[in-house]
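Reading the structure
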Protein chains: 2
Amino acid sequence: MENVTIRMLAEKLQLSTATISKALNNSHEISEETRKRVQDLAKELNYVPNPYASSLRKKSSKTIAVVIPEIADSFFAEAINGIEAVAQEKGYHVLIYLTHESSEKEQAILKDFQSGRVDGVLISVTMETANSEHSLSQLSKELPLVFFDRVCEEVATAKITTNDSEAAYIATKHLIEVGCRNIGLLAASEQLTIMRERIKGFYRALTEYQLPVTNNSVTYFTREANQLLSDTLRLGKFDGVIATTEKLATNVYEAAETLKLQLPKDLKVIGFSNLSTARFLYPSLTTVYQPAFEMGKAAATLLFKALKNSHVTLTQQSMEIPSQLFIRNSTLQQ
Amino acid sequence: MENVTIRMLAEKLQLSTATISKALNNSHEISEETRKRVQDLAKELNYVPNPYASSLRKKSSKTIAVVIPEIADSFFAEAINGIEAVAQEKGYHVLIYLTHESSEKEQAILKDFQSGRVDGVLISVTMETANSEHSLSQLSKELPLVFFDRVCEEVATAKITTNDSEAAYIATKHLIEVGCRNIGLLAASEQLTIMRERIKGFYRALTEYQLPVTNNSVTYFTREANQLLSDTLRLGKFDGVIATTEKLATNVYEAAETLKLQLPKDLKVIGFSNLSTARFLYPSLTTVYQPAFEMGKAAATLLFKALKNSHVTLTQQSMEIPSQLFIRNSTLQQ
DNA sequence: CATAGTTACTTAATCGGTTAAGTAAATAAA
DNA sequence: TTTATTTACTTAACCGATTAAGTAACTATG
């Protein structure tokens, strides 16, 4: 059975392909009667338009790209849910690209977007963000681009973030208030804006409470954090840490086990994390819960707004959605 | 700046578009010298081929679809990682579609695939699998289709599963061996093959140990499991349960809290789960760990094999990758 | 030396839609 | 009644690549 095309419908109904196309797109140029005949036959023959043909002609693909570092991460998974909810509603398709924190992969992916494969891009950049700055600046001039969470400061376009600095400030303050005096921040990258923001808030709290900001206050991890983390905790002799990624929070539990540190007695932990199991961990994990779903939704909504009306200036549409601190036993005062 | 097309390259080099196309595709019809000239100019002008033009002509899109119920689930997230790893290696793009357990959405998605948008499909079906049977049978005749995990028995194509029956048998046996006598299986759907398989293994173990199989041995949950679960645990008076989805495992912890049941003293739990935090839960969760990454990888590998060589009969390529029981404290003998 | 074969191209058709421009007939306005 | 406008189509160009078929020039073969 051949694939049903517009031409086949045209032949069967003794009409031109133009008429068929217009009828299917509910053009006002077509009479009610003809439109019905066409649509009925289309349904009967189970006609499905070829998306590539129309994308080629219309120069728009009804497809957006989501570029993220990792998918097995509650934050990104939730964000995708938010994005997808909007996309499905608008009849758009979602291409997912994973960079696995490789800026090289990221670059290759971004380059592909110059082909017109997608109408817009949502991205949360790699830790080596600096490398992609140029490509992103370039790309943002060619099609609508919205950052979420991991933004690239220098690129002039919309950015959906959470209140990273403030959230870190509140988290740090909480640790101080439950008795910590030697607090460490476990960070993932020196380059990420969100990390810098969190560090800012962290420092602000330390300063406010007149706690020393030392060389070791912030530790950076890239991969294979486990081993490094053990070292850090051993060396730093922290009594409280803030894990700025979901993975790092788990790593702290692991390291504590290895080092025979009791949480929260010997060490208190706060995680920037959307883990649904946070409250069932031992001890239950105090978290900075980021509004992942909402951020994804906001980013997608903004993107579609720009796609619909090209006069929307994305640069001016940035948005900050606050995180929430959920206090649990991993920061229980002893 | 206009988009660079093959025609522009042709004009600049005073060659035909056919030559350009062939040169870029390393056709042997083109002289070494011309090919180099073309490729150099292409690089210089940053030429990126329009994927829709070539997809339209070649009737292949270098794109595959992954259809899953949910993304915020460790199993599916890991599976996608496996799929993506293979796809990226083969230069394929991955479209992700979420059904959110709605067979209606699933049907709509499957219908769209008749358009030729994707070259192949990887799917883990909705709980209401029966509804999609027909569409899937149809689709499997039009393009390569591979099931992973949640398969549709009746559709004649490759299926990548884990040893669900055996895994459930082993899990049940484990519960019995640590002293449980009144075991419940928390299931998600009556229709899913993997559920039926798990129930089979569950019954086999019960029978083998001469434990009664009652009407209440298996309980089905769809949405909003929390409330129902509390009821079930209260009513059923189980001393051991097997949660057959990741979500249900968490629900058990939640319900135990509500009902003031102590895990594992009052109730032992095993979860079919890939939660990375399983070992840090309180109590740490005994899990049936499914090889999600490997399953995704296997499914994708098989799909690409079929895409490369259309003579591969997918029906005969099904594969079972064993799960592994990780015994932790949620089933600790008292 | 004539014929066949190879090399390195070009021409033109094609994929399946969309759309600008054209047209004949019907209707409205002057 | 004549001209203008609207309606409901058709024709044909087009999007940007691929590819079957054609060709001129050169090389190899018998």
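Placed above this text is the structure.
Below or above, wherever it landed, is the structure these notes cover. None of these values were measured; they are calculated from a predicted model.

Here's the deal with the overall build of chain A
The number of helices and strands found in chain A is 12 helices and 12 strands. Along the three orthogonal principal directions, the C-alpha set of chain A runs to about 85 × 40 × 30 Å. Taken over 334 residues, chain A has a buried fraction of 56%. Across chain A, the fraction of contacts at a sequence separation of at least 24, relative to all contacts at a separation of at least 6, is 71%. In the form shown here, chain A has an accessible surface area of approximately 15,300 Å², with 48% of it arising from carbon and sulfur atoms. Here chain A carries 36 positive and 38 negative side-chain charges, and the mean point of each set is 3 Å from the other.

Concerning helix α2 (residues 17-24) of chain A
Helical periodicity: at 3.6 residues per turn, an α-helix aligns residues three or four positions apart in one direction. Residue and element names in this part refer to chain A. Buried within α2 are the following residues: T19, I20 and A23. All buried residues of α2 project into a common sector of 100° when viewed along the axis, lining one side. Two residues or fewer past α2, N26 is found with a positive phi of approximately 55°.

Topic: the protein's contact with DNA strand D
Among the 26 residues in the neighbourhood of DNA strand D, the closest are listed as T19 and S31 of chain A together with I6, S21 and R57 of chain B. In DNA strand D, atoms within 4 Å of the protein come 63% from sugar and phosphate. One of the backbone nitrogen or oxygen atoms of I6 of chain B is found 2.5 Å away from a phosphate oxygen of DNA strand D. Within the residue set of the surface near DNA strand D, elements represented by two or more residues are α2 and α4 (51-58) of chain A together with α1 (6-13), α2 (17-24) and α4 (51-58) of chain B. For the surface near DNA strand D, the leading source of residues is α4 of chain B, giving 4 residues.

A word on the relation of the copies chain A and chain B
Superposition of the two copies of the chain requires a rotation about an axis together with a shift along that axis. With an axial shift of 0.0 Å and an RMSD of 0.1 Å, the rotation relating chain A to chain B amounts to 180°. Here the copies are linked by what is in effect a two-fold axis. Scanning chain A for the C-alpha nearest the rotation axis identifies L281 of chain A, at a separation of 1.9 Å. Of the residues that chain A buries at the interface, 100% are likewise interface residues in chain B, meaning the two copies contact each other through the same surface.

Looking at the sheet that holds strand β12 (residues 324-326) of chain A
Residues and elements named next belong to chain A. Taking strand neighbours across the sheet as the criterion, the 6 strands line up as β7-β6-β8-β9-β10-β12 in an open arrangement whose pairing is mixed. Either end of the sheet is taken by a strand with one partner, and the two such strands are β7 (218-220) and β12. For this sheet, the mean inter-axis angle between neighbouring strands, taken without regard to orientation, is 20°. Relative to strand β9 (residues 268-272), strand β8 (residues 240-243) runs parallel, the two sharing 4 bridges. Residue pairing across strands places V241 opposite V269, the latter belonging to β9. Of the strands in this sheet, β6 (183-187), β8, β9, β10 (286-289) and β12 touch helix α8 (residues 164-177), which is tilted by about 165° from β9.

Describing the protein's contact with DNA strand C
Within the structure, DNA strand C sits among 28 residues, and S21 and R57 of chain A together with T19, S31 and K59 of chain B are positioned closest to it. Atoms of DNA strand C within 4 Å of the protein: sugar and phosphate make up 61%, bases the balance. Within the backbone of I6 of chain A, a nitrogen or oxygen atom sits 2.8 Å from a phosphate oxygen of DNA strand C. S16 of chain B places a side-chain nitrogen or oxygen 2.8 Å from a phosphate oxygen of DNA strand C. Of all the secondary-structure elements, those providing two or more residues to the surface near DNA strand C are α1 (6-13), α2 and α4 of chain A together with α2 and α4 of chain B.

Structural notes on the pattern of salt bridges
Under the definition given, this model contains 22 salt bridges over all chains. Its salt-bridge partner being D40 of chain A, residue K36 of chain A comes within 2.7 Å of it at the nearest N-O pair. With K36 of chain A and D40 of chain A both in helix α3 (residues 32-44) and 4 residues apart, this pair spans about one turn of that helix. Owing to a relative accessible area of 40%, D40 of chain A belongs among the partly exposed residues under this scheme. For D164 of chain B, the salt bridge identified is with R198 of chain B, shortest N-O distance 2.8 Å. With a gap of 34 residues between them, D164 of chain B in helix α8 (residues 164-177) and R198 of chain B in helix α9 (residues 193-208) connect regions that are remote in the sequence. For the pair shown, D164 of chain B and R198 of chain B are each scored as buried. Shared partners join several salt bridges into a network, and the residues in it are E254 and E257 of chain A together with R279 of chain B.

Some remarks on empty space enclosed by the protein
One pass over the structure, following the stated rule, counts 1 cavity of 30 Å³ or more. Estimates place the volume of the largest cavity at around 90 Å³. Of the residues belonging to the lining of the largest cavity, the class tally is 4 nonpolar, 4 polar and 2 charged.

So, the sheet that holds strand β7 (residues 218-220) of chain B
Residue and element names in this part refer to chain B. Here 6 strands make up an open sheet; going across it, the order is β7-β6-β8-β9-β10-β12 and the pairing mixed. Both edges of this open sheet fall to β7 and β12 (324-326), since each of them pairs with a single strand only. Along the sheet, successive strands turn relative to each other by an average axial angle of 20°, direction set aside. The pairing of strand β6 (residues 183-187) with strand β8 (residues 240-243) spans 4 bridges and is classified as parallel. Residue L186 lies in a different strand from β8, and its bridge partner there is A243. Contacts between α8 and the sheet are confined to β6, β8, β9 (268-272), β10 (286-289) and β12, with β9 contributing the most and set at about 165° to the helix. Packing of α9 onto the sheet brings it into contact with β6, β7, β8 and β9, and relative to β6 it is tilted by some 175°.

Digging into the side chain of H174 of chain A
Along the chain, H174 of chain A turns up in helix α8. Once residues within four sequence positions are removed from consideration, H174 of chain A is found in contact with I270, T286, L325, I327 and T331 of chain A.

A short note on the side chain of N274 of chain A
Residues and elements named next belong to chain A. Relative to the helices and strands, N274 resides in the loop between β9 and β10. N274 gets classed as buried once you look at its relative accessible area, which sits at 6%. In contact with N274, other than residues within four places in its own chain, are S74, F75, E246, Y289, Q290 and A292.

The rules we used
Note on numbering: residues in each chain are counted from 1, in written sequence order. Chain letters start at A and ligand numbers start at 1, both assigned in the order the entries are written. Since the coordinates come from a predicted model, pLDDT governs what is reported: local features require at least 70, and pairs of side-chain atoms require 80 or more to be given and counted, while whole-chain, interface and lining totals use all residues. Neither water nor hydrogens contribute to the side-chain values; these are computed over all heavy atoms in the structure. A run of H or I in DSSP becomes a helix once it reaches four residues, and a run of E becomes a strand once it reaches two; helices and strands are each numbered from the N terminus. Partly exposed describes any residue whose relative accessible area lies between the buried limit of under 20% and the exposed limit of over 50%, with all areas from a 1.4 Å probe on protein chains only and scaled to the type maximum. Contacts between residues were defined by any pair of non-hydrogen atoms, one from each residue, lying within 4.5 Å. What sets the accessible areas is the Shrake-Rupley method with a 1.4 Å probe; for residues, cover comes only from the shown protein chains. Only four residue types enter the tally: Lys and Arg on the positive side, Asp and Glu on the negative side, with His and both chain ends excluded. Every charge is mapped to an atom, namely NZ of Lys, CZ of Arg, CG of Asp or CD of Glu. Read the arc as the range of directions from the helix axis to the C-beta atoms. Residues are labelled near a given molecule or strand when at least one of their non-hydrogen atoms is within 4 Å of it. Side-chain atoms alone can form a polar contact between residues adjacent in sequence; in general such a contact is a pair of N or O atoms within 3.5 Å, and within protein one must be able to donate a hydrogen while the other accepts it. To superpose the copies, least squares is applied to the C-alpha atoms of every residue with a pLDDT of at least 70 in both. Strands were regarded as paired on the criterion that DSSP finds at least two bridges between them. Helix axes are fitted to C-alpha atoms over the stretch in contact, other axes to C-alpha atoms as well, and angles between N-to-C directions run from 0 to 180 degrees. Salt bridges, as used here, are contacts in which a Lys or Arg side-chain nitrogen is within 4 Å of a carboxyl oxygen on Asp or Glu. The rule is simple: put a 1 Å grid over the protein atoms alone, call a set of points where a 1.4 Å probe fits but cannot get out a cavity, call an open set with protein on both sides within 12 Å along at least five of seven lines a pocket, and count a residue as lining if it has an atom within 4 Å of a point. Grid points are joined across faces, edges and corners, and a volume is the space filled by probe spheres set on the points. Ten residues, namely Ala, Val, Leu, Ile, Met, Phe, Trp, Tyr, Cys and Pro, are considered nonpolar, four, namely Asp, Glu, Lys and Arg, are considered charged, and the remaining ones, Gly among them, are considered polar.

These results come straight from atomic positions and should not be treated as a statement about function.
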